[in-house]
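# Examination of the molecular architecture
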Amino acid sequence: MASVLLGATSIALSNRTPYRLRSTAFRSPPLSLTRRRLTVRAAETDTNEVKATAPDKAPASNGGSSFNQLLGIKGASQESDKWKIRVQLTKPVTWPPLVWGIVCGAAASGNFHWTVEDVAKSIVCMLMSGPCLTGYTQTLNDWYDREIDAINEPYRPIPSGAISENEVITQIWLLLLGGLGLAGLLDVWAGHKVPVIFYLALGGSLLSYIYSAPPLKLKQNGWIGNFALGASYISLPWWAGQALFGTLTPDIIVLTLLYSIAGLGIAIVNDFKSIEGDKALGLQSLPVAFGIDTAKWICVGAIDVTQLSIAGYLLGAGKPLYALALLGLIIPQVVLQFQYFLKDPVKYDVKYQASAQPFLILGLLVTALATSR
């Protein structure tokens, strides 16, 4: 639930360019609210050896989509409306996995009922994890990538000057405080003596910050960054949904962290198109560190072995029907891996994710329902 739920970054679902150029020496965002426009000098980055060719403007009049602009994905039209730009920075396309995590957590609690109150609680929790905290994560990530975007995608809202520095910083703080406020409200609503949801939101927000911001900037490390991303999409929202309607137990924490290894594999899928840019900047994504052929097997191994382990756990826990159902959802994923991803992870990454990931997220729900019995 945190922004990682909250986000950290739902960044995996964000549009990625073939050159993911990231500066490794950014200063923290200034908190001064004096009126200034953001001026970005590419020469201030450490990418002077990277010769990336970037378009001079967004594809507004020749095919740019206003729908893509609102979702915050590639192929967006150039927009001047400030509210549309603000929505674009939050990348709504990255919200659904966090919302689904809330659903899984509520299902796993065994205490969700289709009453007006429970539905209202779940909607507020989804607003916290999606628009507020994931929106905070995505805006924060764009802030720390602003100088690199000035080279790669100069038409994006921040480097193009479509939104001012002060407006971006204000949005980051409002989304963060809004998300934390909703988390506290949910704790009161649920009657928690210990504000579990608030702590999860706060922890997820901190994880989002260290994922994007120096000096730690976890996304520079293939293993740590991708696992943090996987946990933010699977574990944190699940924990928030379960804590809202039931009790978050140690066995569920371990189970969802194990499932986050599959999330690591999903995150790796998005690294293949950024190999050249990562190499130029010395970023150790797994395709850079191990090469394409090895990394693609690490990717599918993380996804498949994790799910098979969960199926084995369910079988050992005396829930063979759930284990069989999960196995039935793993098989088409393996078939699609051989059909698309293992043939060419760069060419078929989007097609693979679109066709295989629905089976994975259905498997999450099967697991959640099994643990509620």
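Being a predicted model, the structure only gives us computed values, none of them experimental.

## Some points on the overall build of the protein
- Looking only at helices and strands, the protein features 15 helices and zero strands.
- When the 373 residues of the protein are sorted by exposure, 54% land in the buried category.
- Long-range pairs, those at least 24 residues apart, make up 76% of the contacts in the protein between residues at least 6 apart in sequence.
- Counting only carbon and sulfur atoms, one obtains 66% of the accessible surface of the protein, whose full area is about 15700 Å².

## Topic: the nonpolar core
- By size, the foremost hydrophobic cluster in this structure holds 40 residues, and its most contacted members are Cys125, Met128, Val168, Leu186 and Ile197.
- Broken down by secondary-structure element, the contributors of at least two residues to this core are α2 (82–90), α3 (96–109), α4 (116–144), α7 (165–190), α8 (196–212) and α9 (222–245).
- The dominant element in this core, judged by the number of residues it contributes, is α9, at nine residues.
- Among all residues touching Leu186, those that are not within four sequence positions of it are Lys121, Val124, Cys125, Met128, Ile197 and Leu244.
- Grouped together as the second largest cluster of nonpolar side chains are 38 residues, Ala108, Ile275, Ala302 and Ala311 included.

## A few points about the UniProt feature "transmembrane region" (unreviewed entry) in the protein
- When the UniProt feature table is mapped onto this chain, "transmembrane region" (unreviewed entry) is found at residues 172–190, 196–211, 223–240, 252–269 and 321–342.
- With 100% helix and 0% strand, residues 172–190 has end C-alpha atoms that lie 27 Å from one another.
- Secondary structure across residues 223–240 divides into 100% helix and 0% strand, with the first and last C-alpha atoms of the span separated by 25 Å.

## Some thoughts on the pattern of salt bridges
- Considering all chains together, one arrives at six salt bridges under this definition.
- Where Lys121 meets Glu117, a salt bridge forms, and the shortest distance between an N and an O atom there is 4.0 Å. Taken together, the residues Lys121 and Glu117, both in helix α4 and four residues apart, mark about one turn of the helix.
- By relative accessible area, Glu117 is classed as partly exposed at 43%.
- Asp142 serves as the salt-bridge partner of Arg156, at 3.0 Å between the closest nitrogen and oxygen. Placement of Arg156 in the loop between α5 (146–152) and α6 (157–160) and of Asp142 in helix α4 is noted, with a sequence separation of 14 residues between them. Each member of the pair, Arg156 as well as Asp142, carries the same accessibility label: buried.

The rules behind each value
Residues numbered from 1 in each chain as written. Predicted model: local features only at pLDDT ≥ 70, side-chain atom pairs only at ≥ 80, totals over all residues. Heavy atoms only, no water. Helix = DSSP H or I, 4+ residues; strand = E, 2+ residues; numbered from the N terminus. Buried < 20%, exposed > 50% of the residue type's maximum accessible area, 1.4 Å probe, protein only. Contact = heavy atoms within 4.5 Å. Areas by Shrake-Rupley, 256 points an atom, 1.4 Å probe, with all protein chains shown as cover. Core = buried A, V, L, I, M, F, W, Y, C linked by side-chain atoms within 4.5 Å. UniProt positions renumbered as here; feature names shortened; annotations may be inferred. Salt bridge = Lys/Arg side-chain N within 4 Å of Asp/Glu carboxyl O.

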